[in-house]
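Read off the chains here:
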Amino acid sequence: MLFLLSSVVSATSVRALVSIDDEGAHLVDAVVVEQDPRAPRGGPGLGEFLFVDSANGPVRFTEVPDPRHRSVVGEHDAVVLERAHALVWLEWPDDARELRLGEDTLVPRSPPPAEAVQESGPTDERLDMVFLGDGYTADELDTFAEDVDRITEHMLSIEPYGAYPEVFNVWRVDQASEDSGVSHYEGSSQVERDTAYGCFYGCGGISRLICCDDDLVLNEVLDEVPGADGVMVLINDPMYGGAGGFEYATSYTEDPTGSQVAVHELGHSLVGLWDEYSYGQAWNQGPEAPNCTREDEPPWTQWLGEDGVDAFVPCSYTNYERPTEGDCMMNTLRDDYCPVCREQAVLAIYGALPGLVVDSWGGEGSFGVELIHPDLDVTWTLGDEVVGSGTEITLDPCVETTLIAAVSDPTEWVRADPDGLLSEEVTWSVECSAVKPAPDPDPTKPDCGCASTRTVPLLWGLAALAALVRRRLH
Ligand SMILES: [Zn+2]
């Protein structure tokens, strides 16, 4: 995972990830970043120095501020934690080669490029899935690419994801590991491997639970796809396992169960669902999930009686209820969600998008909307009258009233949408000028004399609000 000198000479700065504990500061990672170094933040220093060595010795040093110090709201002494991490930006001189901190030395690595597996649009207008791979050597990166393709294809074959392929961007970060396979810390079986993200079986004492070095995973994602909505770390190891954290998910990849595990784990990290099987214990104080409830009346009343939906114990905990007997991938390995979880997955997809309408315009008697994906209904209403459908409309003749484009997803998979994620309206206030058309009217345009103002939904943001102008036509 280290890169040669030639890969860093053009860099402007290096961002070091430093971990600090009672024994001092440790270099965890160092990444070349094409931006000016950020000034160090204040606070008491550790007295440790970062040395940047050229062949002839140190060329620069920087003090590391101690990130363990936390100030407390109100009058109180500052608190010093046992361990913390800091990001330190360093200007990287042309002749520098290594970064040193105490006993640790690293050659800063260039972040590998994020390859677009599927790019449907700009990241702020799409649901961006990022795949990292751990335990893939440089020779095995082709296998990683195949695993990402296969698991992406599997994900997009499942309802509801498959109904919305246009809203997904999928990225792959080709970061090689020194060793093939990942570490195993399961009871007496202790195998340690040098991998890109430090993933390991045996997390929390559970042999099939795979965790990684969170800092390395999240640091990489921030570098590559800052707008990531879902993160999956694929594990190049034949042993069954995975984990669905809320920051990122992990999964082994063996076909076909690896693909099923991956999509199950995305149910946790992308949708916020819980396991519908039993952990063998009750939990009385905890929160609830959309598919696991302690309430007498479950939050999925809109689905009761549909496709076997009722309320069955347990759901993760023995005192929680799940929607179906066993017809859901959150319960057993299978390729479909129950109706309750599928509804939540649709809401999660829309929750990751900026809205249904990407752009809208009006003028010259014509009005239109650009949609986030093609399978949306648009109903145009002028005053109280429905006057059209589709993404564009032309008014002839002009009528001074309110024009509304009501956009919605007609899917039958969502019956409860408390936040209104599946519907949106764009409103124009149409005004017809009292003054007749200009002396030299264009005969090809309708004799309208329209002017319009556009009322922009709150979601629209400042840029669009700034464009809120009254226009005179003709
Ligand atoms: Zn379910």
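Provided above is the structure to which this section pertains.
The rules behind these values
Residues numbered from 1 in each chain as written. Predicted model: local features only at pLDDT ≥ 70, side-chain atom pairs only at ≥ 80, totals over all residues. Heavy atoms only, no water. Donors = N, O, S within 2.8 Å, 3.2 Å for Na, K, Ca; no water. Tetrahedral: all angles 85-135°; square planar, octahedral: opposite > 155°, others 65-115°. Helix = DSSP H or I, 4+ residues; strand = E, 2+ residues; numbered from the N terminus. Buried < 20%, exposed > 50% of the residue type's maximum accessible area, 1.4 Å probe, protein only. Lys, Arg positive; Asp, Glu negative; His and termini not counted. Salt bridge = Lys/Arg side-chain N within 4 Å of Asp/Glu carboxyl O. Polar contact = N/O pair within 3.5 Å; in protein donor to acceptor, adjacent residues only side chain to side chain. Contact = heavy atoms within 4.5 Å. Pairing = 2+ DSSP bridges. Patch = residues over 30% accessible without salt bridge, like charges linked within 9 Å, V, L, I, M, F, W, Y side chains within 5 Å. Areas by Shrake-Rupley, 256 points an atom, 1.4 Å probe, with all protein chains shown as cover. Charge placed at Lys NZ, Arg CZ, Asp CG, Glu CD.

1. Observations concerning the coordination of the zinc ion
Here the zinc ion is held by the protein donor atoms Glu276 (OE), Cys328 (SG), Cys338 (SG) and Cys341 (SG), which lie 1.9 to 2.5 Å from it. Around the zinc ion sit 4 donor atoms; with metal-centred angles ranging over 95 to 129 degrees, the donor geometry is tetrahedral. Sequence spacing of the donor residues for the zinc ion, all on one chain, is E-x51-C-x9-C-x2-C. Remark: Cys341 occurs in helix α4 (residues 339-351) and Cys328 occurs in the loop between α3 (257-269) and α4; sequence separation between them is 13 residues. One exposure class covers both Cys328 and Cys341, and it is buried.

2. Description of the side chain of Glu265
Along the polypeptide, Glu265 turns up in helix α3. Buried charged residue Glu265 carries no salt bridge. Nearest counter-charge: Arg208, at 7.8 Å. Among the polar contacts made by the side chain of Glu265, one reaches the main-chain amide nitrogen of Ala243 at a distance of 3.5 Å. For Glu265, the contacting residues outside a window of four places in its chain are Met232, Gly242, Ala243, Gly244, Ala249 and Thr250.

3. A look at the sheet that holds strand β14 (residues 189-191)
What the 4 strands build is an open sheet, ordered β14-β13-β15-β16; its pairing is mixed. The open sheet has two free edges, formed respectively by β14 and β16 (210-211), since each of these has just one partner strand. Sheet topology places strand β15 (residues 200-201) next to β16; 2 bridges connect them, and they run antiparallel. Pairing of Phe200 across the sheet is with Cys211, part of β16.

4. Regarding the environment of Leu99
Its place among the elements puts Leu99 in strand β8 (residues 98-101). Under the relative-accessibility criterion, Leu99 is labelled buried at 0%. For Leu99 and Ala30, which are 69 residues apart along the polypeptide, the C-alpha to C-alpha distance reads 8.0 Å.

5. Some details on the pattern of salt bridges
Throughout the structure, instances matching the rule amount to 10 salt bridges. As a salt-bridge pair, Glu98 and Arg100 come within 3.3 Å of each other at their nearest N and O atoms. Overall, the relative accessible area of 33% leaves Arg100 in the partly exposed class. Residue Glu306 pairs with Arg415 through a salt bridge whose shortest N-O separation is 3.2 Å.

6. Overview of a negative patch on the surface
On the surface, Asp139, Asp142, Glu146, Asp149 and Glu153 cluster together into a negatively charged patch. With respect to the helices, strands and loops of the structure, Asp142 is situated in helix α1 (residues 141-155).

Purely geometric stuff here, so don't read any function into it on its own.
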